[in-house]
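Coordinate inspection notes
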Amino acid sequence: MKPTGDDVAGLIARSTPAVRRRDAETLTALMQEITGRDPQTWGTIIGFGSCHYRYPTGTEGDSGLLGFAPRKTATTIYLFDGVDAHSEALEKLGPHTTGVGCLYIKDLEKIDLDVLRGILERSLAWVEAGGTDQVQLTVTG
């Protein structure tokens, strides 16, 4: 997927319920600070920077270095290194659920933002280091 160039503020403004808008504004500022990159839309995802990924299966594509999507039921935070890499931190995070590479948060005010910052910083460092033999990552922007 390539950045779509849609308006980030517009995507946030259209997010429902109101807690998603509030959380999207907080996450945008946090991820921009961590990555040093401006937000851009990738469809309904707000991403920061860009990288090319390639799996041993031959599957490849492009993605943000860090990103999230303000979905109706929860905010989805994407972690290239997977949630298992952050199991200890996740125990201290506060209320959340997970998928293989996704962290779902319903209300940022109920979690520890310092813990989330640490998770995002470690995930970004993993991406910038090039991933592993299971996924090769090249920072492109």
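No experiment lies behind these values; they were computed from the predicted model shown. Along each chain, residues carry numbers from 1 onward, in the same order as the chain's sequence is written. At least 70 in pLDDT is required for a residue's local features to be given in this predicted model, at least 80 for side-chain atom pairs to be given and counted, and no such filter applies to totals for whole chains, interfaces and linings, which use all residues. In computing side-chain properties, one takes all heavy atoms of the structure into account and sets aside hydrogens as well as water.

Details of the sheet that holds strand 2 (residues 45-48)
Filter applied, for reference: Only when DSSP finds a minimum of two bridges between them are two strands counted as paired. Secondary structure elements follow DSSP: runs of H or I of four or more residues count as helices, runs of E of two or more count as strands, with numbering from the N terminus. Working rule for contacts: check all heavy atoms of both residues, and any pair within 4.5 Å makes them a contact. Lines are fitted to the C-alpha atoms to define the axes, a helix being fitted only along its stretch in contact, and any angle between axes, read from their N-to-C directions, falls within 0 to 180 degrees.
Spatial strand order, 1-2-5-6-8-7: six strands in an open sheet with antiparallel pairing. On the outer flanks of this sheet lie strand 1 (39-42) and strand 7 (97-98), each paired with one strand and no other. Bridge analysis of strand 1 against strand 2 gives four bridges, and the strand direction is antiparallel. Paired with Pro39 across the strands is Phe48, a residue of strand 2. The strands touched by helix 2 (residues 18-35) within the sheet are strand 1, strand 2, strand 5 (66-70), strand 6 (75-78) and strand 8 (102-105), with strand 5 carrying the most contacts at an inclination of about 175°.

Points about the sheet that holds strand 9 (residues 136-139)
If you walk across this open sheet you meet the three strands as 4-3-9, and the pairing is antiparallel. Two strands in the sheet have a free side with no partner beyond their single neighbour: strand 4 (60-63) and strand 9. Between one strand axis and the next, the sheet turns by 20° as a mean value, whatever way the strands run. Sheet topology places strand 3 (residues 51-54) next to strand 9; four bridges connect them, and they run antiparallel. Bridged to Arg54 within strand 9 is Gln136.

Some points on the packing of aromatic side chains
The criterion, for reference: Stacked, tilted and edge-to-face are the three classes assigned to paired rings of Phe, Tyr and Trp, where Trp is represented by its six-membered ring and a pair needs centres within 6.5 Å; plane angles under 30 degrees give stacked, over 60 edge-to-face, the rest tilted. A 1.4 Å probe rolled over the protein chains alone gives each residue an accessible area, and that area as a share of the maximum for its type sets the label: buried under 20%, exposed over 50%, partly exposed in between.
According to the stated counting rule, one finds two aromatic pairs in the structure shown. Seen in terms of ring centroids, Tyr53 and Tyr55 are 5.8 Å apart; in terms of plane orientation they differ by 65°. Their pairing is edge-to-face. Judged by its relative accessible area of 18%, Tyr53 falls in the buried class. Taking the relative accessible area as the measure of exposure, Tyr55 reaches 33% and is therefore partly exposed. Between Tyr53 and Phe80, the aromatic rings sit 5.8 Å apart at their centres with planes inclined by 55°, giving tilted as the arrangement. Placement of Tyr53 in strand 3 and of Phe80 in the loop between strand 6 and helix 3 (87-93) is noted, with a sequence separation of 27 residues between them. In this structure an aromatic cluster arises from ring pairing among Tyr53, Tyr55 and Phe80.

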